[in-house]
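This is what each chain is made of:
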Amino acid sequence: MRKLSISVPPDVAERLEREANASAYITQAVRDGMRLDALDAELAHQGIRITEQGVAEARARRAAVEAEWSPERRNALRERARQHALDTSAGAVDQPAA
């Protein structure tokens, strides 16, 4: 392990102060960013470009689908995704969420 000293804006400092283990929280956030960078690199390697327009179109399509969901379905899916994220971070999941 290495100890680092960082400066953060007040709103970030306030958020980190609410964490029981700010170092673990920051480490996970950075690792999440690293995974996204690796995914972007792999997609680019496969010839798939992610553009702001494409992201906006995908978000609009998702919003249209979600608008048709009942509140119960929306909450159930959010809980399922939340649980999967918790299980994944704990190393308990070997297969992707469906």
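Starting from 1, residues in each chain are numbered consecutively following that chain's sequence as written. The model is predicted, so local features are restricted to residues of pLDDT at least 70 and side-chain atom pairs to those at 80 or more, both for listing and for counting; the totals for chains, interfaces and linings are taken over all residues. To get the side-chain values, take all heavy atoms of the structure and skip hydrogens and water.

Describing the overall build of the protein
Helix and strand counts for the protein come out as four helices and zero strands. Listing the helices and strands of the protein from first to last along the sequence gives α-α-α-α. Here the C-alpha radius of gyration of the protein, 18 Å, is well above what a compact globule of 98 residues would show, namely 13 Å. Its C-alpha atoms give the protein principal-axis dimensions of about 45 × 40 × 35 Å. The rule is simple: take the accessible area with a 1.4 Å probe, protein chains only, and divide by the maximum for that residue type; under 20% is buried, over 50% is exposed, in between is partly exposed. A buried classification covers 3% of the 98 residues belonging to the protein. The Shrake-Rupley method, run with a 1.4 Å probe sphere, supplies the accessible areas, and residue values consider only the shown protein chains as cover. Put simply, the protein shows about 8900 Å² of open surface, and 54% of that area lies on carbon and sulfur atoms. The helix count covers DSSP runs of H or I at least four residues long, the strand count covers runs of E at least two residues long, and both are numbered beginning at the N terminus. For a compact globule the rule gives 2.2 Å times the number of residues to the power 0.38, and the radius of gyration it is set against comes from C-alpha atoms.

Details of helix α4 (residues 71–89)
What a helix is expected to span follows from its residue count: subtract one and scale by 1.5 Å. With 19 residues, α4 ought to run about 27 Å at 1.5 Å a step, and its terminal C-alpha atoms sit 27 Å apart, in line with that. Positive phi appears at G91, one or two residues downstream of α4, with a value of about 80°.

Brief notes about the side chain of E66
When you line up the elements, E66 lands in helix α3 (residues 52–67). What makes E66 buried here is its relative accessible area of 18%. Two N or O atoms count as a polar contact when they lie within 3.5 Å, although within protein this holds only if one can serve as hydrogen donor and the other as acceptor, and sequence-adjacent residues are included solely when both atoms are side-chain atoms. A distance of 2.7 Å separates a polar atom in the side chain of E66 from a polar atom in the side chain of R62.

Things to note about the confidence of the model for the protein
pLDDT measures how confident the predictor is about each residue, on a scale from 0 to 100. Summarising the model, the protein shows a mean pLDDT of 91, and 93% of its residues fall at 70 or more. Of all helices and strands in the protein, the one with the weakest mean pLDDT is α4 (91), whereas helix α1 (residues 10–17) scores best (96).

Focus on the layout of surface pockets
Put simply, the largest pocket is a space of about 550 Å³. Grid points spaced at 1 Å over the protein atoms alone were grouped into cavities, where a 1.4 Å probe fits but cannot get out, and pockets, open sets with protein on both sides within 12 Å along at least five of seven lines, with lining residues defined by an atom within 4 Å of a point. If you trace the largest pocket, you find it lined by M1, R2, K3, L4, S5, I6, S23, I26, T27, V30, R31 and M34. The nonpolar class holds Ala, Val, Leu, Ile, Met, Phe, Trp, Tyr, Cys and Pro. Asp, Glu, Lys and Arg form the charged class, and all remaining residues, Gly among them, are polar. Grouping the amino acids of the lining of the largest pocket by side-chain chemistry returns six nonpolar, three polar and three charged. Grid points are joined across faces, edges and corners, and a volume is the space filled by probe spheres set on the points. If you add up the space inside the second largest pocket, you get close to 160 Å³.

Side note on the environment of L16
For L16, the position within the fold is in helix α1. Contacts were defined at the residue level, with two residues in contact if any of their heavy atoms lie within 4.5 Å. Apart from residues lying up to four places away in sequence, L16 is in contact with A22, Y25 and I26.

With respect to the pattern of salt bridges
Any two side chains of opposite charge can pair, given that their charged atoms come close. Salt bridges are defined by distance alone: a side-chain nitrogen of Lys or Arg within 4 Å of a carboxyl oxygen of Asp or Glu. With the rule as written, the count across this model stands at four salt bridges. Residue R15 pairs with E19 through a salt bridge whose shortest N-O separation is 2.6 Å. For E19, a relative accessible area of 25% puts it in the partly exposed group.

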